[in-house]
Structures are given as C-alpha cells and as structure tokens.
Amino acid sequence: MACVSLRSRSIELLHYKTPKYIVAKNKKVGILYRLFQLCLLGYIIGWVFIIKKGYQETDEAVQSSVITKLKGVSATNTSESGLLVWGPEDYVIPSQGEAVLFIVTNFFETPNQRLGFCAESPKVPSGRCQSDSDCEEGKMVAVGNGIMSGRCLRTGGESGGTCEVFGWCPVERSFRPKEPQLTNAENFTIYIKNFIKFTKFQFSKSNVLETTDENYLKGCRYDEESAPYCPIFRLGDIVRGTGYRFQDMSTFGGSVGILIEWNCDLDKGSSYCHPKYHFDRLDVGVSVKTVAASGYHFRHVRYYKDAAGVSYRSLFNVYGIRFSVMVHGKAGMFSIVPMIISVGSGVALLGAGAFFCDMVLLYLIKQKDSYRKWKFEGWGNETETAEVDKKKAEDLA
C-alpha cells in the first residue's frame, strides 16, 4: 500500500493544473473584488508612478562643492580691548570659505599675557593649596594654566590660597556671558555657492539663479516665500528658521545645520531643478540655559612683540555659531527598465485580488462546498469525472 501511495503522489507531481474561470454570482464578493482593484490601481498610479516616479532611473550619489562668503561689520567696546571694529576677517574662523565655519558673536579677552610667575586661578581645583607642600615644584597643574613653582600664595581666609605657577600671566579670569558683544551679528550675510553633479546623467548645476540681471545678487536676500532661490542669507533668518532666538544662540553659542536638498526631475528639464533650504539646530537635547552642556565656544590667541622684542599675547574666549552646510539629493530620468518592473509589479498585485476573493468564496460564504466542487475538478479519470458531474447535477437539482 505504501508503494502504491508513493507512486500515486509521484504521478501527481507530473500533472498540470490549468486555471479555471467561474462566474460567481455573489454581489458582495463582486463589490469587494472591484474595490480591491480600484485601491490597487490608485496605489499604482498615484503612489508608484506619480509620487515615487517608478518609471524613472535615479541617481542619489550627488557630488557637491560648497563655497561660503561672509559680509558685515560690527563694533565692540570693552574695558579690556577698548573700541574694536570687527570685519569678516576677524569673526569668521576659518576664513577660507569652507562648508563648515564658525562666526564669533561674543567674546572675552585677557589682554597682555606674558610668560612669568603668577597665582593659579581659584577655579582650578588642583591649583588650590593650604601650604607650600601642596604645590610640588615642577608639577603641571591638571586642567590648569602652568607649572607649579613650589610656593603657595595665601589669599587670606579659611579657604587657603592657590599655587604659584609659571605660565602666561595673568591667567584667564572666569567669564559668564550675559549678552552678545557683536550686536550687529544678526544682520551679517552669508553667501553660499553650491555646485552639484549627477554623474549617471552627466548633469551639473549651481544654486545661483540663472539671470541676466547683474545686480541680482547685490540686492536679493533669501526668503522662503518671495526669494526661495537667492543664495544670500541673513544669520538672523537662518537661526529663526531653526525655531530658536538669535539673542540666546549668539550669547552662548550654538551649532546650526544648513541643509541644501536637490530633487531634480530631469524629464522636465534643468530649469525645474532648484534647491530647497532647511535649517536645524544641532546642539539640542539639553536646555540652552545650561552653558556647560550646550552652546559652542573655544579659545584662541593673538601674539605680539613689544619694542624690546619680548613676546606677549591676548587670549580670547570666543562664543559663536558654528554653521555646517550639508548637501544631499537625487535626480531621476525616464528609463524603460524601471517602467517595465513597475508595471509588472502592478499586474502581479492585481492578481492578488482574485486570490483574496477565492479565499472568501472557498472558506467564508455558506455555499463554499458547492463553489469548491465547481472550482476544483480532475480530468483524465472517467470514473472520477462521472462522479463529479453527478454531484454537480444533484446540486443544480
């Protein structure tokens, strides 16, 4: 018996099953089938072809070059520095016009520092002392400003004093920003020149609007509504585009991302390929009032020599906004291969509607047994065929 069973199964593997069309006069299933087809057609036409442009070949490997240029002047007047006029060569770091740049909006200066002996800052924990034994000669002060001389300089009181160090004196004083020094920084402008290329289509373009007006760049300023293609931006507008106040960010510093997005439909022509700009603050996740964890600042120095040839320097603790220009995008153009793939996928999905309705007829309706008899029948065995015809006749009767 086992041999007969295995032989019958092996013979069944060699049988061919052909589709059979049966008209099921069931309005509910018919409506369900048409709704399924309409939904699939809407998905294929609306989403695949119109929105996702499934008939196009795409290139997302955009090659990009960014050049920046700052303009604007501001003046400061402090007790340490006196009256100063700041131009782009002073407040832009680095000054080479790169895609990542830092703009000074606030600063604190420790002027006229010279190499010598002076007291360590009381803000440095490892520089505090009660006696000379706490200041080991020749030892570097951890996170401090110099090398210990072996002397403890008493400042009076129970708190003791600080170690004498050899370094740049006087040491930097503690400083907490209250308001930005470069008050006109909000009106500074940044010119972003971006060149992109999609090598697959040998297509290249710049974000500078093609126009015959020679004075266009002299007077335009970026505005999302009135001038969306102007490549010159006010710093205040960029910061407000992130959802933050320029006053807060210019006081404590911050990091801003300028995202240039290129989505080019090359079937429409290069004149329809324009960039879109988005602005986002990158140093978020903590309160902007927590200076130790948010904001952006660093120190740098300027060296000089006096009449005797002795070097001295000015130490600047600068706060400001770090801008990062990031470019991404894609280009698409009609191609027969993705077109065939999208159409084939759509036709296959349409066949799923018939399968779904078959499952309903076979397992969910009351007449499922009768439908199953009409749906599946064998051919080639006269006895079995006669029995099936007899059952069908009984069902019809």
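The following refers to the structure shown. (Residues numbered from 1 in each chain as written. Predicted model: local features only at pLDDT ≥ 70, side-chain atom pairs only at ≥ 80, totals over all residues. Heavy atoms only, no water.)

Moving on: the state of the cysteines. Enumeration according to the criterion identifies five disulfides in this entry. Two residues, Cys 118 and Cys 169, share a disulfide whose sulfurs are 2.1 Å apart. The chirality of the disulfide connecting Cys 118 with Cys 169 is left-handed, given an S-S dihedral of about -80°. Residue Cys 118 is located in strand E6 (residues 100-119), and its partner Cys 169 is located in strand E9 (residues 161-169); the two are separated by 51 residues in the primary sequence. Residue classification places Cys 118 among the buried positions, given a relative accessible area of 15%. With a relative accessible area of 11%, Cys 169 lands in the buried category. The residue that forms a disulfide with Cys 220 is Cys 230, at a sulfur-sulfur distance of 2.0 Å. As the torsion about the S-S bond is roughly 70°, the Cys 220-Cys 230 disulfide counts as right-handed. Residue Cys 220 is found in the loop between helix H4 (216-219) and strand E12 (232-234), and its partner Cys 230 is found in the loop between H4 and E12; the two are separated by ten residues along the sequence. Taken as a pair, Cys 220 and Cys 230 share a single burial class, namely buried. (Disulfide = S-S within 2.5 Å. Helix = DSSP H or I, 4+ residues; strand = E, 2+ residues; numbered from the N terminus. Buried < 20%, exposed > 50% of the residue type's maximum accessible area, 1.4 Å probe, protein only.)

With 42 residues, the main nonpolar core has Tyr 91 and Phe 323 as its most contacted residues. Elements that contribute at least two residues to this core include exactly strand E2 (63-71), E6, strand E10 (189-198), helix H5 (235-241), helix H6 (246-252), strand E13 (254-265), strand E14 (275-281) and strand E16 (311-334). It is E16 that contributes the most residues to this core, six residues altogether. Here Tyr 91 is in contact with Leu 70, Lys 71, Gly 72, Trp 86, Phe 102, Ile 103, Val 104, Leu 182 and Phe 188, once residues within four sequence places are set aside. Of all hydrophobic cores here, the second largest spans eight residues; its members include Met 148, Cys 152, Cys 163 and Val 165. (Core = buried A, V, L, I, M, F, W, Y, C linked by side-chain atoms within 4.5 Å. Contact = heavy atoms within 4.5 Å.)

We now examine a positive patch on the surface. Side chains of Lys 69, Lys 71, Lys 218 and Arg 221 sit close together on the surface and give a patch of like positive charge. Topologically, Lys 218 is positioned in helix H4. Judged by relative accessible area, which is 67%, Lys 218 ranks as exposed. (Patch = residues over 30% accessible without salt bridge, like charges linked within 9 Å, V, L, I, M, F, W, Y side chains within 5 Å. Areas by Shrake-Rupley, 256 points an atom, 1.4 Å probe, with all protein chains shown as cover. Salt bridge = Lys/Arg side-chain N within 4 Å of Asp/Glu carboxyl O. Lys, Arg positive; Asp, Glu negative; His and termini not counted. Charge placed at Lys NZ, Arg CZ, Asp CG, Glu CD.)

Before going further, it helps to examine the pairing of E6. Pairing of strand E5 (residues 92-93) with E6, which is carried by two bridges, proceeds in the antiparallel orientation. Residue pairing in the sheet places Val 92 in a bridge with Ile 103 of E6. As consecutive antiparallel partners, E5 and E6 are separated by six residues, and within that stretch Gly 97 has a phi angle of approximately 75°, a positive value. As paired strands, E6 and E16 are joined by eleven bridges and run antiparallel to one another. Its bridge partner lying in E16, Glu 109 is registered against Phe 316. In the sheet, E6 pairs with E9 via six bridges, with the strands oriented antiparallel. When the bridges of E9 are listed, Arg 114 appears paired with Cys 169. (Pairing = 2+ DSSP bridges.)

It is worth spelling out helix H7 (residues 336-363) at this point. Between its first and last C-alpha, H7 extends 41 Å over 28 residues, near the 40 Å set by a 1.5 Å rise per residue. Every buried residue belonging to H7 is among Pro 338, Ser 342, Gly 346, Gly 353, Cys 357, Asp 358, Val 360, Leu 361 and Leu 362, and all of these are buried. (Expected span 1.5 Å × (residues − 1).)

Judged by side-chain polarity, Ile 31, Leu 35, Leu 38, Leu 41, Tyr 43, Ile 45, Trp 47, Ile 50, Ile 51 and Leu 349 come together as a nonpolar surface patch covering roughly 990 Å² of accessible area. By the secondary structure assignment, Tyr 43 is in helix H2 (residues 27-51). On the basis of relative accessible area, Tyr 43 is assigned to the partly exposed category, the value being 39%.

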